[in-house]
Amino acid sequence: MRVVEAFRESFGAEPHGVWHAPGRVNLIGEHTDYNGGFVLPFAVPWGVTAAVSPRQDGLVRLRSLQAAGPAVTVEDLRQAEGWTRYVVGVVWALREAGHPVRGADIVIDGDVPRGAGLSSSAALEVAVGLALDELYGLGLSRMEIALAAQKAENDFVGMPCGIMDQAASALGEEGKALFLDCRTLGTRAIPFDLAAHGLRLLIINTGVHHELADGQYARRRQDCESAAARLGVDTLRDVTDLAGALALLSGDERRRVQHVVTENHRVEAVVGLLRAGAVSEIGALLNASHLSLRDQFEVSCPELDVAVEAAIRGRARGARMTGGGFGGSAIALVADDRVEAVRDSVLLAYAERGWAPPEVYPATPAAGARRLT
Ligand code: GLA
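Residues numbered from 1 in each chain as written. Predicted model: local features only at pLDDT ≥ 70, side-chain atom pairs only at ≥ 80, totals over all residues. Heavy atoms only, no water.

Engineer: Looking at this structure, how should I read the overall build of the protein chain?
Structural biologist: Along the protein chain, the regular secondary structure elements total eleven helices and twelve strands. By the compact-globule yardstick of 21 Å for 373 residues, the protein chain fits well, its C-alpha radius of gyration being 21 Å. Counting only C-alpha atoms, the protein chain reaches 60 × 50 × 40 Å along its principal axes. Looking at the protein chain residue by residue over its 373 residues, the buried ones come to 57%. Contacts in the protein chain between residues far apart in sequence, at least 24 positions, make up 73% of those at least 6 positions apart. (Helix = DSSP H or I, 4+ residues; strand = E, 2+ residues; numbered from the N terminus. Rg over C-alpha atoms; globule rule 2.2 N^0.38 Å. Buried < 20%, exposed > 50% of the residue type's maximum accessible area, 1.4 Å probe, protein only. Contact = heavy atoms within 4.5 Å.)

Right, here's the structure in full:
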């Protein structure tokens, strides 16, 4: 394994173990996690592999095969920079929670497609979290590892994300989507066997990442929190009377609530259809989710809209943006015999606008984080 060779080369010893954690796509339930709502992501076959050994002196030495240069040594965690913050943040979060985590030597390798918005950062955090849990005998549950990873991202990196990406990476199962209630943190594995239904789920990687993404994410969160406060509920999950709520709101807050409340219902409907074996019927709900994200939550962008519209023109069963928005990937649910037509339709739409061709490839639900050796 490449990561093991690099570990030997950097640190002159064998790693104690090698761990892998996947990225994710979200089937449906977007911008609902930090509103205490429902999400339905699954782990993808790409992710991050980490070769790790513990160190007793508290130092963290790190190298990534995706970053040039030799291993860097981090003595004061707060001094970490760039991608190393996602790793060091996990050490920090575990120590903050009182766990006896000292140092580590870590080499990282990753194969999550670049710019795809498939949560390579969550994969990195969870791979490291799982490694430290096992090396230091912490006895954490998968959800506790996901929560430590989220804390690293929220309070160390400074990205106010919800729990979806880390939970999908830590708890995903092959062939299944993960239904997660983000208030109770209860989960349920939902069979999502595309092949048995003659279907594929295509990822359309727009390759773009609009600069506003991070600031807009925090603003959407604030809109949701201020709307919840105005409505006198803890989170928008608790809004049961949508019409009544909308009558009390206006402007951005009104649109955000419209999206979040209806999106939660769409997740429940998709779970019901999947459990009934009506997989291709979820397409209409994917389409509705996209329109709601575009018009009510306002987190789409021209590249995502064009991908979704072109996929539908190519007769996808349904399509939507996935993840935080403002770039990254769209997904399309497509019958086996329409895959080429959908791909061609998307490539043509991009070519007509003079945009670089997006990558289009199928994804199936893969296993969550695990120890490899
Ligand atoms: C990003 C965040 C997630 C979630 C999605 C939107 O991926 O990391 O927590 O909020 O956006 O659904």
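What follows picks up the thread again.
Engineer: I'm lost on the packing of aromatic side chains in this one. Help?
Structural biologist: The geometry of an aromatic ring pair comes down to the distance between the two centres and the angle between the two planes. In the structure shown here, the tally under the stated rule is seven aromatic pairs. Here the aromatic rings of W92 and F156 are separated by 5.6 Å at their centres, their planes lie at 45°, and the arrangement is tilted. Taken together, the residues W92 in helix α2 (residues 84–96) and F156 in helix α4 (residues 142–157) connect sequence positions 64 residues apart. Between the NZ or CZ atom of R256 and the centre of the ring of F297, over which it lies, the distance is 5.9 Å. When the ring centre of W355 is taken as reference, the NZ or CZ atom of R353 above it lies at 5.8 Å. (Phe/Tyr/Trp six-rings, centres within 6.5 Å; stacked < 30°, edge-to-face > 60°. Lys NZ or Arg CZ within 6 Å of the ring centre and 35° of its normal.)

Engineer: Please explain the layout of surface pockets as it appears in this structure.
Structural biologist: Over the atoms, a rolling probe the size of a water molecule traces out where space has been left empty. Its volume calculated, the largest pocket comes out at about 1,400 Å³. Lining of the largest pocket is provided by 49 residues; of these, Y86, G117, S119, S120 and S121 occupy positions nearest its centre. Those elements that place two or more of their residues in the lining of the largest pocket are α2, β5 (103–110), α3 (120–135), α4, α5 (164–171), β8 (199–209), α6 (213–231) and β10 (327–335). Class assignment for the residues of the lining of the largest pocket results in 20 nonpolar, 20 polar and nine charged. (1 Å grid on protein atoms, 1.4 Å probe; cavity = no way out; pocket = protein on both sides within 12 Å on 5 of 7 lines; lining within 4 Å. Points joined across faces, edges and corners; volume = space filled by probe spheres on them. Nonpolar A, V, L, I, M, F, W, Y, C, P; charged D, E, K, R; others polar.)

Engineer: Honestly, unusual backbone geometry in this entry has me stumped. Any pointers?
Structural biologist: As a rule of thumb, non-glycine residues mostly have phi less than zero, and peptide bonds are mostly trans rather than cis. One non-glycine residue with positive phi stands out, namely H31, at about 60°. Of note, H31 is situated in the loop between β1 (17–28) and β2 (38–55). Positioned with a positive phi, L185 is a non-glycine residue whose angle comes to about 65°. Mapping L185 onto the fold places it in the loop between β6 (176–181) and β7 (187–191).

Engineer: Would you explain the confidence of the model for the protein chain in this entry?
Structural biologist: Parts of the prediction with low pLDDT should not have their coordinates interpreted in detail. Chain-level statistics for the protein chain give a pLDDT mean of 97 and a share of 100% at 70 or above. Averaged over each element, pLDDT in the protein chain is lowest for α6 (95) and highest for helix α9 (residues 283–295) (99). (pLDDT = per-residue confidence, 0-100.)

Engineer: Sorry, what's going on with the pairing of β6 here?
Structural biologist: The side chains of a regular strand alternate, residue by residue, between the two faces of the sheet. Counted residue by residue, β6 has five buried out of six residues, so it is predominantly covered. Bridging between β2 and β6 involves two bridges; their strand directions are antiparallel. Within the sheet, the bridge partner assigned to F38 lies in β6 and is D181. Where β6 meets β7, five bridges bridge the pair, whose relative direction is antiparallel. Looking across to β7, one finds that L178 is bridged to A189. Connecting β6 to the antiparallel partner β7 that follows it, the hairpin turn spans five residues, and L185 within it adopts a positive phi of roughly 65°. (Pairing = 2+ DSSP bridges.)

Engineer: Quick question: what am I supposed to make of the site of the ligand here?
Structural biologist: Lining the immediate environment of the ligand, one finds R24, E30, H31, D33, Y34, C161, G162, M164, D165, Y217, G323 and G324. Separating an oxygen atom of the ligand from a backbone N or O atom of H31 is a distance of 2.6 Å. Contacts to the ligand include D165, whose side-chain N or O atom sits 2.6 Å from an oxygen atom. Relative to its unbound accessible area of 310 Å², the ligand is 94% covered by the protein chains. More than half of the atoms of the ligand fall within 2 Å of the grid points belonging to the largest pocket. (Near = heavy atom within 4 Å. Polar contact = N/O pair within 3.5 Å; in protein donor to acceptor, adjacent residues only side chain to side chain. Areas by Shrake-Rupley, 256 points an atom, 1.4 Å probe, with all protein chains shown as cover. Sits in = over half its atoms within 2 Å of the grid points.)

Engineer: Explanation requested: the side chain of S345 in the structure shown.
Structural biologist: Considering the arrangement of structural elements, one finds S345 in helix α11 (residues 339–352). Relative accessible area serves as the criterion here: at 15%, S345 is assigned to the buried category. Once you skip the residues sitting within four places of it in the chain, S345 turns out to touch A310, R313 and G314.

Engineer: Is there a simple way to think about the state of the cysteines in this case?
Structural biologist: By definition, a disulfide links the sulfur atoms of two cysteine residues through a covalent bond. What the rule picks out here adds up to zero disulfides. Looking at the unpaired C224, the closest cysteine sulfur is the one in C182, lying at 13 Å. Taking the relative accessible area as the measure of exposure, C224 reaches 1% and is therefore buried. The cysteine C301 is free of any disulfide, with C224 supplying the nearest cysteine sulfur at 19 Å. Its relative accessible area of 6% is what places C301 among the buried residues. (Disulfide = S-S within 2.5 Å.)

Engineer: Just to check I follow, could you spell out the environment of A311 for this structure?
Structural biologist: Considering the arrangement of structural elements, one finds A311 in helix α10 (residues 302–313). With relative accessibility at 0%, the residue A311 sits in the buried group. In this structure, the C-alpha to C-alpha distance between A311 and A341, residues 30 residues apart in sequence, is 8.5 Å. Setting aside chain neighbours within four positions, we find A311 in contact with I204, A316, A319, A332, V342 and V346.

Engineer: Even after reading the chapter, I still don't get the sheet that holds strand β11 (residues 359–362), so can you show me in this structure?
Structural biologist: What links the strands of a sheet is backbone hydrogen bonding, and the strands pair in either a parallel or an antiparallel sense. With antiparallel pairing, four strands are arranged side by side in an open sheet as β9-β10-β8-β11. Of all strands in the sheet, those with a lone pairing partner are β9 (318–321) and β11, marking the two edges. Strand-to-strand twist in this sheet, taken as the mean axis angle between neighbours without regard to direction, amounts to 20°. Sheet topology note: the β9/β10 ladder contains four bridges and is antiparallel. Its bridge partner being in β10, G318 is matched across the sheet by L333. This element, α9, spans β9 and β10 of the sheet and lies at about 30° to β9. (Axes fitted to C-alpha atoms, helices over the stretch in contact; angles between N-to-C directions.)

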